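Analysis of the macromolecular model
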Amino acid sequence: GHVDASSGDLTESDVESVGRLVRELHDASSTFVWPAESVWNVAIPHDEAELICHNDLAPWNLVRGGGPFAFVDWDGAGPGSRLWDLAYAAHGFALASAREGVGDEEVGVRLSALVNGYGLDEVGREGLAPLLARRIRSMFELLESGKRSGVEPWAHLWDQGHGTIWHEDALYAEQHGPRWREALGLGDR
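Right, let's walk through the structure included here. Only a predicted model underlies this, so the values are computations on that prediction, with no experimental measurement involved.

1. Structural notes on unusual backbone geometry
- The omega torsion of the bond from E152 to P153 falls at 5°, within 30 degrees of zero and hence cis.
- Take P153: it is sitting in the loop between α4 (122-149) and α5 (154-159).
- Phi angles above zero are rare outside glycine, and N55 is one such case at about 75°.
- Here N55 is to be found in the loop between β1 (51-53) and β2 (62-63).
- Classification of N55 by relative accessible area gives buried; the value is 13%.

Structural data, given as structure tokens:
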């Protein structure tokens with residue numbers, strides 16, 4: 001298989017399959033009890049320690065082609081919540097595709113496919129909606145802080161323009177909040 005930083009070649013069905021894979025990973029890790037003294041290499045502090053999360057569920061870590069999808073690059077795995085991890089995945093597999101020329105409606109279709117594949121219930125969807133922009137912004141803040149403090153690889157990624165990309169993606173997510181609620185099946189509630 002191969003990895004690709006873009007999710008543009010993934011069909012709606014593929015994005016739904018990604019959602020199922022994320023759910024399988026979360027369900028499998030939910031029974032793992034880690035030792036209290038564990039040290040994790042988690043770049044962004046978790047919202048809550050519900051289970052072990054990948055913390056970088058994105059197209060650039062998805063092996064595709066030649067068989068079932070699989071996630072690689074587990075060096076940032078650690079405690080977090082299903083929704084925190086899923087919000088990050090929503091960025092890479094749905095919201096970021098707007099930057100690649102996918103229209104807002106298609107972005108909503110991709111978001112819906114991801115959460116449908118995951119099997120996210122209404123309570124989960126209500127919780128996910130406000131996390132979308134917040135989770136994207138947390139990555140921008142990590143890069144910005146890394147640049148100020150000189151911490152790598154964040155400073156280098158900032159210099160390559162990743163900070164600007166994440167900032168623009170966060171603004172996009174914030175500006176379209178009602179659209180994402182609709183895509184999540186929540187309407188105007």
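Alright, that's what it looks like, and here's the rest.
2. Comments concerning the pattern of salt bridges
- Going through the model one piece at a time under the given rule, you end up with 11 salt bridges.
- Linking E174 and R137 is a salt bridge whose minimum nitrogen-to-oxygen distance equals 2.9 Å. Of this pair, E174 sits in helix α6 (residues 162-175) while R137 sits in helix α4; the two residues are 37 residues apart in sequence, bridging distant segments of the chain.
- Here the salt bridges share partners, and the residues they tie into one network are R23, D27, E50 and R82.

3. Looking at the packing of helix α1 (residues 12-29) against helix α3 (residues 104-118)
- Where α1 meets α3, the closest approach of the two axes is 6 Å, and the angle between their N-to-C directions is 40°. On the basis of the axis angle, α1 is oblique to α3. Classified by chirality, the crossing of α3 by α1 is right-handed. Across the interface between the two elements, E12, V15, E16, V18, G19, R20, V22, R23 and H26 of α1 pack against V109, R110, A113, L114, G117 and Y118 of α3.

4. Some remarks on the nonpolar core
- In this structure, F71, L86, F93, L95, L111, L128 and W180 are the most contacted members of the largest nonpolar core, which totals 45 residues.
- When residues of this core are traced back to their parent elements, those giving at least two are α1, α2 (82-93), α3, α4, α6 and α7 (177-183).
- Filtering out sequence-adjacent residues up to four positions away, L86 remains in contact with V22, H26, L114, V115, Y118, L120 and L128.

Rules used in this analysis
- Numbers given to residues run from 1 along each chain, matching the order in which its sequence is written.
- Local features are withheld for residues below a pLDDT of 70 in this predicted model, meaning they are given only at 70 or higher, and side-chain atom pairs are given and counted only at 80 or more; totals for whole chains, interfaces and linings count all residues.
- Remark: hydrogens and water are excluded; side-chain values derive from all non-hydrogen atoms of the structure.
- Numbering of helices and strands runs from the N terminus, with a helix taken as a DSSP run of H or I at least four residues long and a strand as a DSSP run of E at least two residues long.
- For every residue, the accessible area obtained with a 1.4 Å probe (protein chains only) is divided by the maximum for its type, and the residue is called buried under 20%, exposed over 50%, and partly exposed between those limits.
- A pair is scored as a salt bridge if a Lys or Arg side-chain nitrogen falls within 4 Å of a carboxyl oxygen belonging to Asp or Glu.
- Axis definition: a line fitted to C-alpha atoms, over the contacting stretch in the case of helices. Angles run 0 to 180 degrees between N-to-C directions.
- Comment on the angle field: the value is read as roughly parallel under 35 degrees, roughly antiparallel over 145, roughly perpendicular from 65 to 115, and oblique elsewhere.
- The handedness criterion is simple: a crossing whose near helix is rotated anticlockwise from the far helix by less than a right angle is left-handed, and one whose near helix is rotated clockwise is right-handed.
- Throughout, a contact is declared for two residues whenever any of their heavy atoms are within 4.5 Å.
- Only buried Ala, Val, Leu, Ile, Met, Phe, Trp, Tyr and Cys residues count toward a nonpolar core, and they belong to the same one when joined by side-chain atoms within 4.5 Å.

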